[in-house]
Amino acid sequence: MTSYLQIQDLHVSVEGKQILKGLDLNIQQGEIHALMGPNGSGKSTLANTLMGHPRYMIEKGNILLNGESLLDLSADKRARKGLFLAFQYPVTVSGLSVSSFLRNAYNAVRQNGQGEKKKPPSYLEFKRVLNEKLKLLEMDETFINRYLNEGFSGGEKKRAEILQLAMLKPSIAILDETDSGLDIDALRVVADGINKLAGKELGIAIITHYQRILRYIQPHHVHVMVDGRIVRSGGSELARDLEEKGYGWIKENK
Amino acid sequence: MPVSIATAREISRLCDEPSWLLESRVQASDLFDKLPIEKSSLYTRQTDLRGINLLDFDPLGIVSERSFKAESESTTTASGNCITILAGKVTEQHLSQQLVNNGVFFGDLYSSLAQQPNLIKPVLVDKAIAPDDDKFAAYNQAFYNSALVLHVPKGLVVNDPFRIRYFMDDSEKAVVSRIFVVAEPESQMTLLLEEYSKSSTPASNSLYSNSVELHVGEGARIWFQELQNTDERTIVLTNRKCRCRRDSHVSWTIGYMGGAYTKSRIDSDLLGEGSTSEEMEVVFGTREQKFDLNSNVTHVAPHTKSEIISRGVLRDTARTIFKGMLRIGKDARGADSFLAEHAMLLNPQARADSIPALEIATNEVKASHSASVAQIEEEQIFYLMSRGIPENEAEKLIILAFLEPAVRRIPVEEVKTALVDLVEKKWTSNTNSLPEENTRMK
Ligand SMILES: Nc1ncnc2c1ncn2[C@@H]1O[C@H](COP(=O)(O)OP(=O)(O)O)[C@@H](O)[C@H]1O
Ligand SMILES: [Mg+2]
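Calculation notes
Residues numbered from 1 in each chain as written. Chains lettered and ligands numbered in written order. Predicted model: local features only at pLDDT ≥ 70, side-chain atom pairs only at ≥ 80, totals over all residues. Heavy atoms only, no water. Pairing = 2+ DSSP bridges. Helix = DSSP H or I, 4+ residues; strand = E, 2+ residues; numbered from the N terminus. Axes fitted to C-alpha atoms, helices over the stretch in contact; angles between N-to-C directions. Contact = heavy atoms within 4.5 Å. Donors = N, O, S within 2.8 Å, 3.2 Å for Na, K, Ca; no water. Buried < 20%, exposed > 50% of the residue type's maximum accessible area, 1.4 Å probe, protein only. Near = heavy atom within 4 Å. Polar contact = N/O pair within 3.5 Å; in protein donor to acceptor, adjacent residues only side chain to side chain. Areas by Shrake-Rupley, 256 points an atom, 1.4 Å probe, with all protein chains shown as cover. Nonpolar A, V, L, I, M, F, W, Y, C, P; charged D, E, K, R; others polar. Parallel < 35°, antiparallel > 145°, perpendicular 65-115°, else oblique. Left-handed = near helix turned anticlockwise from the far one by under 90°.

Trainee: How would you explain the sheet that holds strand β5 (residues 162–168) of chain B if you had to name every residue and give the values?
Mentor: Residue and element names in this part refer to chain B. In spatial order, the strands read β2-β1-β5-β7-β9-β11-β13-β15-β17-β19; together these 10 strands make up an open sheet with mixed pairing. The open sheet has two edge strands, β2 (89–94) and β19 (366–375), and neither has a second partner. Here the strands of the sheet are splayed against their neighbours by 5° on average, with no regard to which way each runs. For strand β9 (residues 221–229) and strand β11 (residues 249–256), the ladder comprises 8 bridges, and the chain directions are parallel. From the neighbouring strand, Gln225 faces β11, where its bridge partner is Thr253. Contacts between helix α9 (residues 391–407) and the sheet are confined to β13 (276–285), β15 (305–314) and β17 (336–345), with β15 contributing the most and set at about 165° to the helix.

See the structure below:
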């Protein structure tokens, strides 16, 4: 069965302020979507809301994964159902090693919430998978001994997010500005990583402010978000138009 | 019958003590009556012993029920070098033949006095922990009903740890214990001290008072590791002091898990040039537990170095007070002293206070302290949950991460593991119970 995420007429407020004002979007496993928009248009709000951040209030609308509403589910349950968010600003947890964090997450997503408790994979099995993913993403093995995001460069943080994506194998992944703050080499490595993970098994929504990353990753669909709504959708040519004409062009032509 | 000077006399009589020991008890009992609950004006406001009357606990009963000395050393089934004390009574005692041959003594005070009076009597007369240090030291020295000595001769490096385990039972008894450790020059040893409660049936409170003196000879090293895991009806009062001679080193690790009310004091006296001390302190308080923790480091000699790393996590309505005092004396040039006290609160009703203080009487020293009290961060929890980790597990990982700066410095691997285990178990059960055999330190 192909997984699919449906976002229907989503209205979201934060601290009393209306941010998303009726947003619709469908993402299927295997598809790559680019979600573009100027700063402050509500892209991260959408990402956090999808993942179930408790501070974002859903005023109206629905979010469904495979036809089932996610609204009453906490973030961990959403993750175990196959949703993933690569954070724009990954959180530092000093004292928690990347490897211990990944092990806990890896075991947790294998408890898929369908009742029966599966035996967690052995440490050796986990290590084997982890080493394979580290290799895939051209990351050093010593990386996993560091504390989660502590002292990571911008590039390391984003790569760590992609490493988590690789380990947890979700069906739908939202990548929030995974390209921002990267120099061109780091961007290439991160984009390569995403391309390696993309495929039939994974639906991706790349949230980005710039067009740069779309030179490396070919989206099937491009959406432009302004002021809490998707104002235009199209194929990859839309990204090129945006690059030439800027967001002003969209705002004028809405 | 509440304890009084007559109790001290009676314990002394039952233990067949020489008169100079009785005199010490009498003097201490007198001080106990006179001393206020808190001597230092710095802390008076924070010390809260309401509802606890030390005089209600009986230190005499367990003495009259038994002979003071180990019942019989042949009852031992233990391996390794260990002494187990169950409700004040030595039930296991073992020291490897090799260490016996090397001149190590590990046993009760009275045997030690009989076997090597010239060694241990000066230590007792010297009173590193003085009865007027505070009211609790006075209590301990007036009414102790158990006393142990560990002596490691010059130059001997003992790799296997020495273990002392206390199991309290829940009655209105007082287990009042003293431990004297003498590390002759150039010797090295690890001492693991564990405290548990034997029964978990709800009953009245019990009292556990302990004092530990570490006499650290030139160039000697002691790793003192303690996990305090009694149940939540035990009142825990401990005074510990190390006296460090030239180039010696003491490493304290204390894990505070149990106890209704814990009042703990550690004094590190760096008397000899180049001596060093480090202290790793981990607290995990839940429900109504209270921890009153005081660490004092006194740099007397030049080029002495000390570090205190204290981390506390408080849940429910648990409370902790960290009182850290760094004193650098006038001759301690080149001293280097560091104190960090950090707490994390999991509930709005939990509370942590930090009172760091510095007294510096000379120039050319390094001394710094840092302290903080923080809530658990919502964004960290969300981040971990977004990876499938349930909220409760996410919180656990975050508190373990918070404790890590202290935990990773614990020098003995099995203590590190045992401590993390205790935190995890307590996280899940929210209470201190007697651990299964396999979760205790081996
Ligand atoms: N946690 C928050 N608290 C308060 N305001 C927020 C919060 N998150 C987002 N906002 C506000 O919502 C608007 C949209 O922000 P965001 O979703 O981060 O946009 P984008 O990711 O497109 O740059 C901004 O005006 C921002 O200030
Ligand atoms: Mg954003």
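Still to come is the rest of the account.
Trainee: If you had to explain the coordination of the magnesium ion (ligand 2) to someone new, which residues and values would you point to?
Mentor: All names here are of chain A. Coordination of the magnesium ion (ligand 2) by the protein is provided by Ser44 (OG) and Gln88 (OE1), with metal-donor distances spanning 2.1 to 2.2 Å. Linking Ser44 in helix α1 (residues 43–51) with Gln88 in the loop between β6 (83–86) and β7 (93–97), this pair joins segments that are 44 residues apart in sequence. What makes Ser44 partly exposed here is its relative accessible area of 22%.

Trainee: Talk me through the site of ligand 1; I want residue IDs and the actual numbers.
Mentor: All names here are of chain A. In the vicinity of ligand 1 there are 14 residues, among which Ile19, Gly40, Lys43, Ser44 and Thr45 approach most closely. In this structure, Gly42 approaches ligand 1 through a main-chain N or O atom, which is 3.0 Å from an oxygen atom. Between Ser44 and ligand 1, the recorded distance is 2.8 Å, taken from a backbone N or O atom to an oxygen atom. With the chains in place, 70% of the 550 Å² that ligand 1 exposes on its own is no longer accessible. Those elements that provide at least two residues to the shell around ligand 1 are β2 (17–28) and α1. Looking at the shell around ligand 1 element by element, the count peaks at 3 residues for α1. Among the residues making up the shell around ligand 1, the classes are represented as 4 nonpolar, 6 polar and 4 charged.

Trainee: Give a description of the packing of helix α8 (residues 378–385) of chain B against α9(B) that names residues and reports values.
Mentor: Residue and element names in this part refer to chain B. Between α8 and α9, the least distance of the axes is 9 Å, while the angle of their chain directions is 120°. Relative to α9, the element α8 lies oblique. As for how α8 packs across α9, the hand of that crossing is right-handed. Note on element contacts: α9 touches α8 through Glu391, Ala394, Glu395, Leu397 and Ile398, opposite Gln380, Ile381, Leu384 and Met385. Its residues assigned to classes, the contact of α8 with α9 shows 6 nonpolar, 1 polar and 2 charged.

Honestly, it's all geometry; don't read function into it.
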